[in-house]
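Here are the chains, one letter per residue:
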Amino acid sequence: MIIAIDGTTASGKGTIAKRLAAKYALPHMDTGCLYRATAVAALKQGIALNDAAGLQQIAMNLDLSKFRDSDLRTGEAGKAASQVAVIPEVRQALFELQRSFATQAGGALLDGRDIGTVIAPDADVKLWVDANVEQRGYRRWKELVGFEPDVTLEEVIKQLRIRDERDQSRKDAPAAIASDAVLIDTTDLTIDAAVEKAIAAVEAVL
Ligand code: C5P
């Protein structure tokens, strides 16, 4: 079974992905980490975030074990990730890694922006997870403020809007709702309620 979970930033898709992967004992790939790691490595090495050839090299040789999760989770890493994610050479360099993970024997669960449309259009279950931008901003702000105490809610919401726009308008593999995806709006849902909806969507195809 292949489960594809896409959606907007801070919509709850990551948490839903973790919970479903555990419930169905599926290996899980958080594909946002690949773009975040590419961006963080570029920033460290002084490679410009629009240098397609330089970024392609980084993406092709990515070793996730070299990154600390806390370095990948910052607001700066997320913003830079969405900048490198518009570059077709980067997406192409990361494609095989994701595709082979998706098609491994025994199934897999991947979460990202283009899993149901590009990486695994053949997925058995596709979810699109979203929530209104104010709610997402509040959730992301609560996460960030622990290690970026100066960050304001207004700034987080502003950055989310910019990120949504960039992810949805890029030419190559824009964040998009697959025609056969089940929509989950988490604005007014607790995590448990959102996970229940996701489980119901999986059970419907089992
Ligand atoms: O999901 P996360 O916030 O970690 O993703 C960071 C950025 O990586 C997104 O804003 C998006 O630009 C990019 N991304 C992508 N395709 C994916 C996963 C993430 O373009 N499958």
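Residues numbered from 1 in each chain as written. Predicted model: local features only at pLDDT ≥ 70, side-chain atom pairs only at ≥ 80, totals over all residues.

Draft legend 1. Structural detail: helix α9 (residues 153-169). A rise of 1.5 Å per residue sets the reference length of α9, with its 17 residues, at 24 Å; its end C-alpha atoms lie 24 Å apart and thus fit the reference within 8%. Among the residues of α9, Val-156, Gln-159, Leu-160, Arg-163 and Asp-167 are the ones counted as buried. Around the axis of α9, the buried residues are gathered within 105 degrees of arc, so they sit on the same side. For α9, exposure combined with an orientation more than 90 degrees from the buried face picks out Glu-154, Ile-162, Glu-165, Gln-168 and Ser-169. (Helix = DSSP H or I, 4+ residues; strand = E, 2+ residues; numbered from the N terminus. Expected span 1.5 Å × (residues − 1). Buried ≥ 20, exposed ≤ 12 C-beta atoms within 10 Å, placed from the backbone. Arc of directions from axis to C-beta.)

Draft legend 2. Just the nonpolar core, in detail. Core analysis: the largest hydrophobic core is formed by 28 residues, its most contacted members being Ile-5 and Leu-110. Elements with a contribution of two residues or more to this core: β1 (2-7), α1 (13-23), β3 (108-112), α7 (115-119), β4 (125-130) and α10 (191-205). Judged by nonpolar contacts, the second largest core, of 20 residues, contains Cys-33, Ile-58, Val-84 and Ala-93. (Core = buried A, V, L, I, M, F, W, Y, C linked by C-beta atoms within 7 Å.)

Draft legend 3. Region of the structure containing the UniProt feature "binding site: ATP" (unreviewed entry) in the chain. UniProt marks Gly-7, Thr-8, Thr-9, Ala-10, Ser-11, Gly-12, Lys-13, Gly-14 and Thr-15 with the feature "binding site: ATP" (unreviewed entry), using the numbering shown here. Mapped onto the fold, Ala-10 is located in the loop between β1 and α1. On the basis of neighbour counts, which here come to 24 C-beta atoms within 10 Å, the residue Ala-10 falls in the buried class. As for its placement among the helices and strands, Thr-15 is situated in helix α1. (UniProt positions renumbered as here; feature names shortened; annotations may be inferred.)

Draft legend 4. How the structure looks around the site of the ligand. Contacts to the ligand come from 15 residues, most closely from Gly-32, Tyr-35, Ser-82, Ala-85 and Gly-112. Of all the secondary structure elements, the ones that give two or more residues to the shell around the ligand are α2 (32-45), α5 (75-84) and α9. Classifying every residue of the shell around the ligand by side-chain character gives four nonpolar, six polar and five charged. (Near = placed C-beta within 6 Å. Nonpolar A, V, L, I, M, F, W, Y, C, P; charged D, E, K, R; others polar.)

Draft legend 5. Representation of the packing of α5 against α9. Between α5 and α9, the shortest axis-to-axis distance is 10 Å and the interhelical angle comes to 25 degrees. With respect to each other, α5 and α9 are oriented roughly parallel. Crossing of α5 over α9 shows left-handed handedness. From α5, Gly-75, Gly-78, Lys-79 and Ser-82 reach across to α9, where they touch Gln-159, Arg-163, Arg-166 and Asp-167. Residue classes in the contact of α5 with α9 are distributed as no nonpolar, four polar and four charged. (Axes fitted to C-alpha atoms, helices over the stretch in contact; angles between N-to-C directions. Parallel < 35°, antiparallel > 145°, perpendicular 65-115°, else oblique. Left-handed = near helix turned anticlockwise from the far one by under 90°. Contact = placed C-beta atoms within 7 Å.)

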